[in-house]
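Fold and contact review
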Amino acid sequence: MTGRSVPHRPTRRPGLAAAGAVTALACIAAAPALAADPPRRDLRLPVPGPAVPLTPFDPPAQRWLPGHRGVDLAADAFGSVRAPAPGTVSFAGPVAGRPVLTIDHGDGLRTTYEPVRAAVRVGQEVGSGQVVGRVLPGHPGCPVEACLHWGARLATGGPAGDDDEYLDPLSLLSGAERPVRLKPLRPGDGGH
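Please read these numbers as outputs of a predicted model, since none were measured by experiment. (Residues numbered from 1 in each chain as written. Predicted model: local features only at pLDDT ≥ 70, side-chain atom pairs only at ≥ 80, totals over all residues. Heavy atoms only, no water.)

Concerning the layout of surface pockets
Gaps left between atoms show up when a probe the size of a water molecule is rolled over them. For the record, the criterion: In this analysis the probe radius is 1.4 Å and the grid spacing 1 Å, with only protein atoms considered; a cavity is a set of points the probe fits into but cannot get out of, a pocket is an open set with protein on both sides within 12 Å along at least five of seven lines, and lining residues have an atom within 4 Å of a point. Grid points are joined across faces, edges and corners, and a volume is the space filled by probe spheres set on the points. Secondary structure follows DSSP: runs of H or I at least 4 residues long count as helices, runs of E at least 2 residues long count as strands, and numbering of each begins at the N terminus. In the scheme used here, Gly and all other residues not listed as nonpolar or charged are polar, with Ala, Val, Leu, Ile, Met, Phe, Trp, Tyr, Cys and Pro taken as nonpolar and Asp, Glu, Lys and Arg as charged.
By volume, the largest pocket amounts to about 420 Å³. As for the largest pocket, its lining consists of 17 residues, and the residues nearest its centre are Val-100, Thr-112, Glu-114, His-149 and Tyr-166. Put simply, the parts of the chain that give the lining of the largest pocket at least two residues each are β5 (98-106), β6 (109-114) and β10 (146-154). Considered class by class, the residues forming the lining of the largest pocket number 6 nonpolar, 6 polar and 5 charged.

Details of the side chain of His-105
Stated formally: Three labels apply to residues, based on accessible area from a 1.4 Å probe with only protein chains included: buried if under 20% of the type maximum, exposed if over 50%, partly exposed otherwise in between. Any pair of nitrogen or oxygen atoms within 3.5 Å is treated as a polar contact; in protein, a donor-acceptor pairing is required on top of that, and neighbouring residues in sequence qualify only through side-chain atoms on both sides.
As for its position among the elements, His-105 is in strand β5. Given a relative accessible area of 9%, His-105 falls into the buried group. At 3.4 Å, the side chain of His-105 forms a polar contact with the backbone oxygen of Ala-85.

What to know about the pattern of salt bridges
Defined as follows: Whenever a carboxyl oxygen of Asp or Glu lies within 4 Å of a side-chain nitrogen of Lys or Arg, that contact is scored as a salt bridge.
Enumeration according to the criterion identifies 1 salt bridge in this entry. Close ionic contact of Arg-98 with Glu-114 constitutes a salt bridge, the shortest N to O distance being 3.1 Å. Here Arg-98 is found in strand β5, whereas its partner Glu-114 is found in strand β6, with 16 residues between them in sequence. Classification of Arg-98 by relative accessible area gives partly exposed; the value is 36%.

So, a nonpolar patch on the surface
The cut-off we apply is this: Two joining distances apply to patches: 9 Å for like charges and 5 Å for nonpolar side chains (Val, Leu, Ile, Met, Phe, Trp, Tyr), and every residue must have over 30% relative accessible area and no salt bridge. Per-residue accessibility takes into account occlusion by the displayed protein chains alone, with areas from the Shrake-Rupley method and a 1.4 Å probe.
Taken together, the side chains of Val-52, Leu-54 and Val-144 make up a nonpolar region of the molecular surface, amounting to roughly 200 Å² of accessible area. Topologically, Leu-54 is positioned in strand β1 (residues 53-55).

Okay, here's the thing in structure tokens:
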């Protein structure tokens, strides 16, 4: 021996490296899906008057889990539902026994409405603010006369739509259309 130290070489263990990679992939797959950024912020409310959200947007941590994939807005029974932006009617019919209307706004954005009696047909072009249907009473869990469930989805991949991202439709509203949220005053906030 000459007094030089031989550098230590770690023993290779391919099984451990593969297990680490599988664990990392499992952690990524189990991570909650992040909501997509809103593609636009110029939509109008689909119901008249200021927005009164009764049930907020509450997306699931994973696409297959339960959650509330839209907002429920207070509405008048048989009141008008208006297109929040120009688009093409892509669906009008029953889903699980409830009447649903879907408008494709382009760039992957679709909005849905239920329970709605459609006044438009599939393939019809609609303009912003155009009446597209009437709110029907009977939305489950609605604490007032009628509720409009308003959803928004952004296409993110395949044609089946099973990987679309759900968006909070209120985040798509123009500044003038967004609901006002008042915060309570706390000591030191400058209120009296």
